[in-house]
Amino acid sequence: MTNRTDIQLTINGKQVSGTNGQTILALAQEHGIDIPNLCNDPRLIPSGSCRLCVVEVDGQKAPVTACTFQIAPGMVVHTDTEEILALRKTILELLFSEHRGVCTTCDENGNCLLQKYGYEYQIDDTAFALPESNDPIENYTTGNEAMVYNSDKCIRCGRCIRICQEVQMDSALTFKERAAQVEVSTAFDMPLNDTTCELCGQCISTCPTGALYERSAKGRGQCKDFKRTRTTCGYCGVGCQIDLNVNSKNEIVRVTSPVGVIPNDGNLCVKGRFGMDFVGSDKRLTAPLIKRNGKFEKASWDEALDTIAKKLGEIKATHGPDSIGGLSSAKCTNEENYVFQKMIRTAIGTNNVDHCARLCHASTVAGLARAFGSGAMTNSIDEIRRAGCIFIIGSNTTEAHPVIGLAVKDAVVNNGAKLIVADPRTIDIVRFAELHMAQQPGTDVALINAMMHVILTENLADMEFIKKRCENFEAMEAIVKDFTPEMAEDVTTVSADAIRQAARIYATATSSSIIYSMGITQHTTGTDNVLSLANLAMLTGNVGKESTGVNPLRGQNNVQGACDLGALPNVYPGYQSVEDEKIHEKFEKAWGAKLSNKMGLTVVEMMHAVEEGKLKGLYLMGENPALSDPNLNRTRKSLEDIEFLAVQDIFLTETAEYADVVLPTMCFAEKDGTFTNTERRVQRVRKAIDGPGKSRDDWQIVCDLATRLGFPMKYNNASEILDEIASLSPIYGGISFERINDVGLSWPCPDKNHPGTKYLHKDQFKRGLGKFHPVEFKPPVEKADKTFPFLLSTGRQLYQFHTGTMTRKSPVINQVSPTGYVEIHNEDAERLGIVNGQKVSVATRRGIVTTQARVTTDIGKGWLFMPFHFSEGPANMLTIDALDPIAKIPEYKVCAANICSM
Amino acid sequence: MNKQTEDCLDLESLGKILASRENIESADLSPILQEIQLSYGYLPKEILLELNRRTGIPSSQIYGVATFYEQFHLEPHGKHTVRCCRGTACHVKGGRGIIQAVQRVLGIDEGETTDDMQFTFETVACLGTCFLAPVIMIDNDYYGNMTSGKVKGLLERYK
Ligand code: SF4
Ligand code: SF4
Ligand code: SF4
Ligand code: FES
Ligand code: FES
């Protein structure tokens with residue numbers, strides 16, 4: 001940790017002050033003094049290898065490298081003496097004599113540091129070397145879809161190698177050979193995709209020259225001509241800040257990311273960096289479609305909207321407003337979600353509005369609201385880096401939330417955090433763990449109860465915290481008192497010793513942070529699981545403090561926002577209950593409409609209501625239940641049977657195929673608005689390019705429809721909508737476009753001067769006292785039996801996102817993740833005569849799909865695992881639609897299955 | 001010896017090399033690679049990949065060190081290295097004849113290793129001892145003023 005003492009020194013005759021441990025370069029940059037540097041990146045440990053940053057320090061015999069030399073009191077530094085300038089020029093000329101390239105034909109032109117300094121120092125033209133030939137030389141990127149390495153333009157600064165090792169911690173790259181032969185390569189010059197590389201592209205991001213470049217961006221414009229728009233990545237809940245680089249043809253050519261900006265500091269994952277092809281895909285919807293005689297026909301906006309308004313109007317008149325439902329979208333902006341739920345609640349007059357958060361974190365919202373009073377990540381991403389202990393349970397962090405994975409790795413490797421992982425599979429992050437507990441899926445409550453048993457019997461609980469800040473402790477204690485680790489071992493198969501060890505590590509660390517995700521929530525006991533984690537945190541006083549907390553990682557880019565903005569059947573924006581009379585009145589007044597005070601239906605309940613004939617009309621914004629919902633056969637039947645279905649989306653998705661009317665909308669790169677990331681940070685989304693054809697903003701479509709339904713809605717822009725949100729939802733009270741222009745704000749942010757909230761429940765829980773809940777272990781609904789002897793779990797993988805609608809348009813991603821698969825343990829596979837890559841069929845009581853076998857020891861015996869992204873082997877044909885009784889989330893993580901070779 | 005047992009034997013030597021050390025880190029790589037080369041004759045890819053699995057040192061780093069030092073060989077390599085000079089000085093004084101003589105005596109081309117794994121033959125742009133031209137180098141010893149006639153006898157001494 002840096003010691004924040006002030007150090008006074010002089011740079012170029014000017015008095016400046018810096019902090020202990022700071023380098024001359026960092027301090028100079030802080031004060032706007034430019035020192036040229038090539039091998040330096042603030043994300044990396046300085047290597048001092050290029051020597052371009054040389055400066056003079058009084059008392060030093062020779063010039064020193066500013067990027068490695070630390071400041072000291074009274075130091076006198078000169079950054080631009082004649083000798084220094086001459087020395088730098090010589091260094092640059094040497095580099096140019098080895099760098100064989102021509103800027104005129106180089107993609108990097110305009111963004112290249114070597115070029116920049118070459119110009120600034122007016123390098124002698126005779127120093128330039130020319131390439132021997134233009135033919136690509138074979139190397140580790142040959143044939144790779146993601147990137148191209150050109151050793152001619154490589155200045156051997158080592159930044160790519162170091163970032164792969166120090167930040168991504170994949171160590172895929174190395175220098176090979178010596179002297180003039182040195183170049184970047186992989187182990188044994190293997191093709192990049194055969195190494196530990198995860199295609200994050202961090203190496204490209206740090207390369208100061210055109211030596212490393214995105215393959216798909218080559219020849220599509222030079223960096224100097226791109227228009228760059230800062231926005232928020234549209235994939236996962238981390239909310240990385242990205243710059244979309246757009247060429248003169250309105251195409252996104254490359255994605256870059258600014259170093260030093262929250263929350264990702266210039267780092268991205270494969271989806272954010274290489275997954276943007278979908279935006280310019282020729283499969284995008286460009287005009288409204290109306291289904292006539294079973295076939296889609298292009299229509300005008302007026303025709304399409306009139307049709308929807310007429311149909312919904314008729315259904316409402318005959319069957320009442322509750323016969324209509326709306327599914328909002330965790331992909332859309334806050335403003336769109338707000339407008340959507342407002343339209344459903346006012347123009348239709350029902351609370352039947354929900355979205356896919358139901359399928360991932362409904363149990364989080366329910367559980368944490370009960371225990372703490374607020375259903376969101378308690379602490380911020382950055383705090384993870386300084387936690388003493390990190391307990392990851394049911395989250396494949398490095399694959400589903402890769403950039404948060406970086407924070408976890410940083411904590412362990414650089415700051416000495418102890419990592420405990422509880423996951424049935426040997427996921428990637430396990431290689432950084434002190435302890436891995438491979439519990440049987442669906443037995444989390446037993447595991448956590450036993451950990452609490454240990455903490456209580458060994459007197460490791462924070463009794464003061466419990467007394468002062470919590471309630472109902474005794475009820476919880478009564479349940480775990482007799483539940484020993486040995487009893488838990490029977491249920492979970494994790495050894496009692498490991499459970500004891502985990503409990504001790506978690507309870508005794510300076511600060512402990514729990515990270516969880518769908519492995520916890522997607523169970524019929526999802527809410528119980530979340531309550532257990534809340535118990536564990538309160539028991540040890542690990543909540544309401546820096547680097548602690550219970551931290552659900554949200555899946556979709558804006559699932560937090562969609563929940564915040566009331567795309568839920570029980571609450572208005574800002575988690576204000578529809579059943580609370582005062583709140584109900586407040587919204588009736590603000591919106592000028594009669595509202596229903598009856599709780600609405602959830603996603604899966606809506607599908608079931610169709611079967612019962614109670615739901616006649618459905619309006620979908622950017623959702624794909626025909627691939628994402630459990631028990632697909634049943635879901636698809638509902639979509640087919642429903643009287644009227646309207647869908648607005650960017651593609652003709654599996655779901656849109658069932659629609660009567662389809663409306664083309666814009667994707668995140670084409671519109672303005674905000675997303676709220678998993679750490680409750682509201683961040684800007686900015687329009688970088690024009691949408692295709694006649695596509696329109698989701699909120700404008702919704703407003704037009706509401707108006708046609710007899711409830712006029714009109715806004716001039718998204719900023720106005722956010723202002724309306726702020727006026728009605730106290731947690732967003734102080735948030736506006738203006739305030740989040742540079743850096744996002746984390747809610748609660750009640751007023752214009754509030755700085756936002758880094759971590760929740762500081763001196764008091766949102767609900768007053770934190771509430772312990774006695775939770776007893778209940779097994780999953782389905783058990784393995786004779787016919788279905790395996791248990792099947794579903795989940796995500798690094799390269800794909802959700803139903804693959806976006807990611808599967810990327811050649812980079814398709815190269816490494818072309819199709820679905822099912823994981824099976826070596827021994828099970830051998831017994832059944834299944835070999836790696838073989839075609840197999842997987843069956844459950846609900847359906848059967850064919851896919852490929854991936855034989856591995858990363859999964860337990862008796863278990864199968866399938867990613868759910870692939871429409872050609874849809875895992876959700878198999879999953880069970882049994883629901884958590886409180887949160888109504890389906891049990892995606894466990895069902896009985898069988899597998900056989902084909 | 002069938003392939004299976006050969007593989008087992010292979011790993012055994014690696015096991016012995018690693019057994020004498022604790023907490024192996026990247027910094028220990030060069031001495032370990034030296035020992036591996038001593039016991040296997042070169043640095044077999046499979047052994048280096050196994051080294052990565054057993055120590056956790058990234059294989060990229062292992063490869064970096066293995067290619068950095070001239071003494072390491074990633075291909076099977078003879079016990080002795082014979083280097084002939086292709087430089088101008090040597091060429092003028094009949095270096096070509098020396099190269100041909102070595103090829104004849106050992107029965108291999110440049111870059112190859114004899115079947116009995118005794119000799120690997122390489123040519124070099126200049127051995128830096130032009131005053132001795134034509135020059136041949138065996139392991140770390142230089143032999144100047146060579147003639148094709150002396151080649152056979154010289155190589156015999158290393159058998
Ligand atoms: S890498 Fe930089 S210096 Fe080299 S050709 Fe490209 S723009 Fe010019
Ligand atoms: S893409 Fe990422 S993992 Fe792959 S080599 Fe580059 S930095 Fe390493
Ligand atoms: S590829 Fe780029 S980052 Fe890597 S060593 Fe070469 S110049 Fe540096
Ligand atoms: S930037 Fe300091 S030595 Fe390269
Ligand atoms: S030319 Fe042969 S040693 Fe120099």
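None of these values were measured; they are calculated from a predicted model.

Quick notes on the rules
- Residues numbered from 1 in each chain as written.
- Chains lettered and ligands numbered in written order.
- Predicted model: local features only at pLDDT ≥ 70, side-chain atom pairs only at ≥ 80, totals over all residues.
- Heavy atoms only, no water.
- Helix = DSSP H or I, 4+ residues; strand = E, 2+ residues; numbered from the N terminus.
- Buried < 20%, exposed > 50% of the residue type's maximum accessible area, 1.4 Å probe, protein only.
- Contact = heavy atoms within 4.5 Å.
- Areas by Shrake-Rupley, 256 points an atom, 1.4 Å probe, with all protein chains shown as cover.
- Lys, Arg positive; Asp, Glu negative; His and termini not counted.
- Charge placed at Lys NZ, Arg CZ, Asp CG, Glu CD.
- Domains from an automatic or database assignment.
- Buried area = accessible area lost by both parts, 1.4 Å probe.
- Polar contact = N/O pair within 3.5 Å; in protein donor to acceptor, adjacent residues only side chain to side chain.
- Phe/Tyr/Trp six-rings, centres within 6.5 Å; stacked < 30°, edge-to-face > 60°.
- Near = heavy atom within 4 Å.
- Nonpolar A, V, L, I, M, F, W, Y, C, P; charged D, E, K, R; others polar.
- Core = buried A, V, L, I, M, F, W, Y, C linked by side-chain atoms within 4.5 Å.
- Pairing = 2+ DSSP bridges.
- pLDDT = per-residue confidence, 0-100.
- Right-handed = clockwise from strand over helix to strand, strands pointing away.
- Axes fitted to C-alpha atoms, helices over the stretch in contact; angles between N-to-C directions.
- Parallel < 35°, antiparallel > 145°, perpendicular 65-115°, else oblique.
- Left-handed = near helix turned anticlockwise from the far one by under 90°.

Engineer: It is not clear to me how the overall build of chain B should be interpreted in this structure. Could you clarify?
Structural biologist: A count of helical and extended segments in chain B gives 7 helices and 4 strands. Listing every helix and strand of chain B by position from the N terminus yields α-α-α-α-β-α-α-β-β-β-α. Dimensions of chain B along its principal axes, counting C-alpha atoms only, are 55 × 35 × 20 Å. Looking at chain B as a whole, 43% of its 159 residues qualify as buried. Residue pairs at least 24 apart in sequence account for 59% of intrachain contacts in chain B once pairs closer than 6 positions are excluded. Counting every atom, chain B has about 8900 Å² of accessible surface; 50% of that belongs to carbon and sulfur. In chain B, 16 positive and 21 negative side-chain charges are present, and the distance between their average locations comes to 9 Å.

Engineer: Whenever I open this one, the domain arrangement of chain A confuses me. Can you help?
Structural biologist: One frequently used descriptor of interface size is the decrease in accessible area upon assembly of the parts. Per the domain assignment, the segments making up chain A are domain 1 (6–80), domain 2 (103–118 + 125–280), domain 3 (289–359 + 558–728), domain 4 (362–552) and domain 5 (790–901). Here the C-alpha centre of domain 5 of chain A lies 30 Å away from the C-alpha centre of domain 3 of chain A.

Engineer: What exactly am I supposed to notice about the interface of chain B and chain A here?
Structural biologist: At the junction of the two partners, chain B supplies 14 residues and chain A supplies 13 residues. Both faces considered, chain B and chain A share a buried interface measuring about 1100 Å² in area, 60% of it formed by carbon and sulfur atoms. Counting the surface chain B buries against chain A, the share from its top three residues, Ser60, Tyr63 and Thr67 of chain B, is 47%. Taken together, the links from chain B to chain A amount to 8 residue pairs in polar contact (both at pLDDT 80 or more).

Engineer: Looking at this model, I keep getting lost on the packing of aromatic side chains. Mind explaining?
Structural biologist: Each aromatic ring pair is summarised here by two numbers: the centre-to-centre distance and the angle between the ring planes. All names here are of chain A. By the definition in use, this model includes 15 aromatic pairs over all chains. When the ring of Phe372 is compared with that of Phe765, the centres are 5.2 Å apart and the planes differ by 20 degrees; the resulting orientation is stacked. One end of the pair, Phe372, is in the loop between α9 (362–371) and β17 (389–393); the other, Phe765, is in the loop between β30 (745–746) and β31 (770–771), with 393 residues separating them in the sequence. Here Phe372 falls in the buried class, since its relative accessible area comes to 0%. Their ring planes at 65 degrees and their centres at 6.2 Å tell us that Phe391 and Tyr506 sit as a pair that is edge-to-face. Placement of Phe391 in strand β17 and of Tyr506 in helix α16 (residues 496–508) is noted, with a sequence separation of 115 residues between them.

Engineer: Even after reading the chapter, I still don't get the domain arrangement of chain B, so can you show me in this structure?
Structural biologist: The domain boundaries assigned to chain B delineate domain 1 (3–68) and domain 2 (80–156). Averaged C-alpha coordinates put domain 1 of chain B and domain 2 of chain B at centres separated by 31 Å.

Engineer: How should I be thinking about the environment of Val246 of chain A in this particular structure?
Structural biologist: All names here are of chain A. With respect to the element layout, Val246 can be found in strand β11 (residues 241–246). Considering only alpha carbons, one finds Val246 and Leu745, 499 residues apart in sequence, at a separation of 27 Å. Ignoring anything within four residues of it in the chain, the contact list for Val246 reads Asp225, Phe226, Lys227, Glu251, Ile252, Ala688 and Ile689.

Engineer: Whenever I open this one, the site of ligand 3 confuses me. Can you help?
Structural biologist: Not every one of the 14 residues close to ligand 3 is listed here, only the nearest: Cys154, Cys157, Gly158, Cys160 and Cys207 of chain A. Along the lines of polarity and charge, the residues of the shell around ligand 3 split into 10 nonpolar, 2 polar and 2 charged.

Engineer: Mind showing me how you'd approach the nonpolar core here?
Structural biologist: Most often, soluble globular proteins keep nonpolar side chains buried together rather than apart. All names here are of chain A. Counting 58 residues, the largest nonpolar core has Ile308, Tyr338, Val339, Met343, Tyr619, Leu663 and Tyr732 as its most contacted members. At the level of secondary structure, the elements contributing two or more residues to this core comprise α7 (301–319), α8 (334–348), α20 (581–591), β25 (617–621), β26 (644–649), β27 (661–664), α24 (698–708) and α25 (718–728). Residues contacting Val339, with those up to four places away along its chain left out, are Trp699, Val702, Cys703, Met713, Tyr715 and Ile721.

Engineer: Is there a simple way to explain the side chain of Thr856 of chain A in this structure?
Structural biologist: Summarising the element assignment, Thr856 of chain A is placed in strand β35 (residues 847–856). If sequence neighbours within four positions are ignored, Thr856 of chain A has contacts with Glu823, Ile824, His825 and Asn826 of chain A.

Engineer: How should I be thinking about unusual backbone geometry in this particular structure?
Structural biologist: For residues that are not glycine, phi is negative in most cases, and the peptide bond is trans in most cases. All names here are of chain A. Along the chain, Ile262 connects to Pro263 via a cis peptide bond; the corresponding omega equals 0 degrees. Unlike most non-glycine residues, Asn472 shows phi in positive territory, near 70 degrees. Relative accessible area serves as the criterion here: at 32%, Asn472 is assigned to the partly exposed category. Despite not being glycine, Thr493 has its phi angle at roughly 70 degrees, a positive value. Residue placement: Thr493 occurs in the loop between α15 (485–492) and α16.

Engineer: Help me understand the sheet that holds strand β14 (residues 295–298) of chain A, please; the structure alone is not making it clear to me.
Structural biologist: Paired through their backbone hydrogen bonds, the strands of a sheet run either parallel or antiparallel. Residue and element names in this part refer to chain A. Read from one edge to the other, the open sheet built from 7 strands follows the order β14-β13-β27-β26-β25-β15-β16, with strand pairing classed as mixed. The sheet is open, and its two edges are formed by β14 and β16 (353–354), each paired on a single side. As defined by bridge partners, strand β13 (residues 289–292) adjoins β27 across 2 bridges and the pair is classed as antiparallel. Its bridge partner lying in β27, Leu289 is registered against Val662.

Engineer: Help me out: how do you make sense of the confidence of the model for chain B in this one?
Structural biologist: Any residue range with low pLDDT should be treated as having predicted coordinates unsuitable for detailed reading. Residue and element names in this part refer to chain B. Counting all residues, the mean pLDDT for chain B is 85, and 94% of those residues have values of 70 or more. Per-element confidence in chain B is highest for helix α4 (residues 59–68), whose mean pLDDT is 92, and lowest for helix α1 (residues 3–19), whose mean pLDDT is 67. Below a pLDDT of 50 lies the segment residues 1–9, which in the model reaches 2 contacts outside its immediate sequence neighbourhood of four places, other chains included. Two numbers describe this predicted complex: its pTM, 0.87, and its ipTM, 0.79.

Engineer: Explain the pairing of strand β15 (residues 324–327) of chain A to me, please; I cannot follow it from the model alone.
Structural biologist: The side chains of a regular strand alternate, residue by residue, between the two faces of the sheet. All names here are of chain A. Neither face of β15 is exposed, since Ile324 and Gly326 on one face and Gly325 and Leu327 on the opposite face are all buried. Across 4 bridges, the pairing between β15 and β25 is parallel. By the bridge assignment for β25, Leu327 is matched with Leu620. Here 2 bridges tie β15 to β16, and the two strands are oriented parallel to one another. Bridge pairing in β16 places Leu327 opposite Asp354. In terms of handedness, the path from β15 via α8 over to β16 forms a crossover that is right-handed.

Engineer: It is not clear to me how the pairing of strand β28 (residues 673–676) of chain A should be interpreted in this structure. Could you clarify?
Structural biologist: Residue and element names in this part refer to chain A. Here β28 shows a buried face lined by Gly673 and Phe675 and a second buried face lined by Thr674 and Thr676. Sheet topology places β28 next to strand β29 (residues 681–685); 4 bridges connect them, and they run antiparallel. For Gly673, the partnering residue across the bridge sits in β29 and is Val685. Counting the residues that bridge the hairpin from β28 to β29 gives 4 residues, and of these Arg680 lies at a positive phi of roughly 65 degrees.

Engineer: Any chance you could explain the packing of helix α2 (residues 29–40) of chain B against helix α3 (residues 45–55) of chain B here in plain terms?
Structural biologist: The angle between the axes and the distance between the axes are what describe a pair of packed helices. Residues and elements named next belong to chain B. Where α2 contacts α3, the two axes come as close as 12 Å, and the packing angle between them is 140 degrees. When the axes of α2 and α3 are compared, the pair comes out oblique. At the point where α2 passes α3, the crossing takes the right-handed sense. Residues Leu29, Ile32, Leu33, Ile36 and Tyr40 of α2 form the contact with α3, whose own contacting residues are Ile47, Leu48 and Leu51. Partitioned by chemical class, the residues of the contact of α2 with α3 number 8 nonpolar, no polar and no charged.

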